[in-house]
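# Fold and geometry: a report
As a plain string of letters, each chain reads:
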Amino acid sequence: VPVRFGFYVSNRATRLTRALRCLRAAPELRGLLSDFAFVFRDSAADDELPALCRRCGIGIFQAGPPPPADGDRSAAVSRELLSAMERHRADYLFVFGSRLLKGELLDRFRNRIVNFHPSLLPAFPGLKSVDQAASYGSIVTGNTAHFIDEGTDTGPLIMQSLVTLQGETDYEAVLDRQIPMLIQ
């Protein structure tokens, strides 16, 4: 029985877009696309991801409208993801999104939700981690794949990759190193 993967992305979803291009271009990897159950996006962006998902036969949908001003957007996204995981019978969720996931989603899919974070955790958790590393004066940073738990970037580590910071900080160069981790 094949394992099925859901994906949660934010903004332009450049890492997933590049990974999909890579998978489509390599005949020996193209079969992995059939394991993609869905792509869930929490924000609108004018980019190629929807068309690319259609060409790959992957369903893509966007989060519903934001909750009222006093509502919890992270909780709403988590509920929608839980519904998507169940509806699409996904086994794992890969996260390239910006919302902290919580609630029943974490309980039901414990150790099956994998975040890809652009730092060598436990250093520089949270947002803008490449900027944090550069401001700190680090000469290296990297990427971490880890299971999501209730904390911010505190779950058990799965794998890490090292990236040297040279001169100007280039988020895309750091983020692009996550693609081989995803394929692995």
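Here goes a summary of the coordinates provided. Per chain, residues are indexed from 1 in the order of the written sequence. The predicted origin of the model limits local features to residues at a pLDDT of at least 70 and limits the giving and counting of side-chain atom pairs to 80 or more, whereas totals for whole chains, interfaces and linings rest on all residues. Only hydrogens and water are removed before side-chain values are computed, so all heavy atoms of the structure are retained for them.

## A short note on the overall build of the protein chain
Where helices and strands are cited, they refer to DSSP runs of H or I of at least four residues and of E of at least two residues respectively, numbered from the N terminus. On a plain count of helices and strands, the protein chain comes out with 7 helices and 7 strands. Seen in sequence order, the protein chain has helices and strands lined up from the N terminus as β-α-β-α-β-α-β-α-β-α-β-β-α-α. Radius of gyration (C-alpha) of the protein chain: 16 Å, near the 16 Å computed for a compact globule of 184 residues. Taken along the three principal axes of its C-alpha coordinates, the protein chain extends 45 × 45 × 35 Å. Using a 1.4 Å probe on the protein chains alone, a residue whose accessible area is under 20% of its type maximum counts as buried, one over 50% counts as exposed, and one in between counts as partly exposed. Across the 184 residues in the protein chain, those meeting the buried criterion constitute 45%. Partitioning the intrachain contacts of the protein chain with sequence separation of at least 6 by distance along the chain shows that 60% fall at a separation of at least 24. Between the two quantities, the radius of gyration covers C-alpha atoms and the globule rule is 2.2 Å times the number of residues to the power 0.38. It only takes one pair of heavy atoms within 4.5 Å for two residues to be counted as in contact.

## Brief notes about the nonpolar core
The biggest cluster of nonpolar side chains holds 25 residues, and the ones touching the most others in it are Phe7 and Leu20. Of all the secondary structure elements, the ones that give two or more residues to this core are strand E1 (5–9), helix H1 (14–25), strand E2 (36–41), helix H2 (49–56), strand E4 (92–96), strand E5 (113–117), strand E6 (140–147) and helix H7 (178–183). In contact with Phe7, other than residues within four places in its own chain, are Leu16, Phe36, Phe38, Val39, Phe40, Leu93, Phe94, Phe96 and Leu182. Think of a nonpolar core as a cluster: buried Ala, Val, Leu, Ile, Met, Phe, Trp, Tyr and Cys residues, connected wherever their side-chain atoms sit within 4.5 Å. Grouped together as the second largest cluster of nonpolar side chains are 19 residues, Val77, Ala84, Ala90 and Val95 included.

## Some details on the packing of aromatic side chains
Only Phe, Tyr and Trp rings are paired, with Trp represented by its six-membered ring, and only when their centres lie within 6.5 Å; those with planes under 30 degrees apart are stacked, over 60 edge-to-face, the remainder tilted. Evaluated as defined, the whole model comprises 10 aromatic pairs. An angle of 35 degrees between the planes, with centres 5.8 Å apart, marks the rings of Phe38 and Phe61 as tilted. Pair noted here: Phe38 is in strand E2 and Phe61 is in strand E3 (residues 60–62), with a separation of 23 residues, a long-range link. By relative accessible area, Phe38 is classed as buried at 0%. The interplanar angle of 90 degrees and the centroid separation of 5.6 Å between the aromatic rings of Phe94 and Phe116 together place this pair among those described as edge-to-face. Within this pair, whereas Phe94 is found in strand E4, its partner Phe116 is found in strand E5, the two being separated by 22 residues in sequence.

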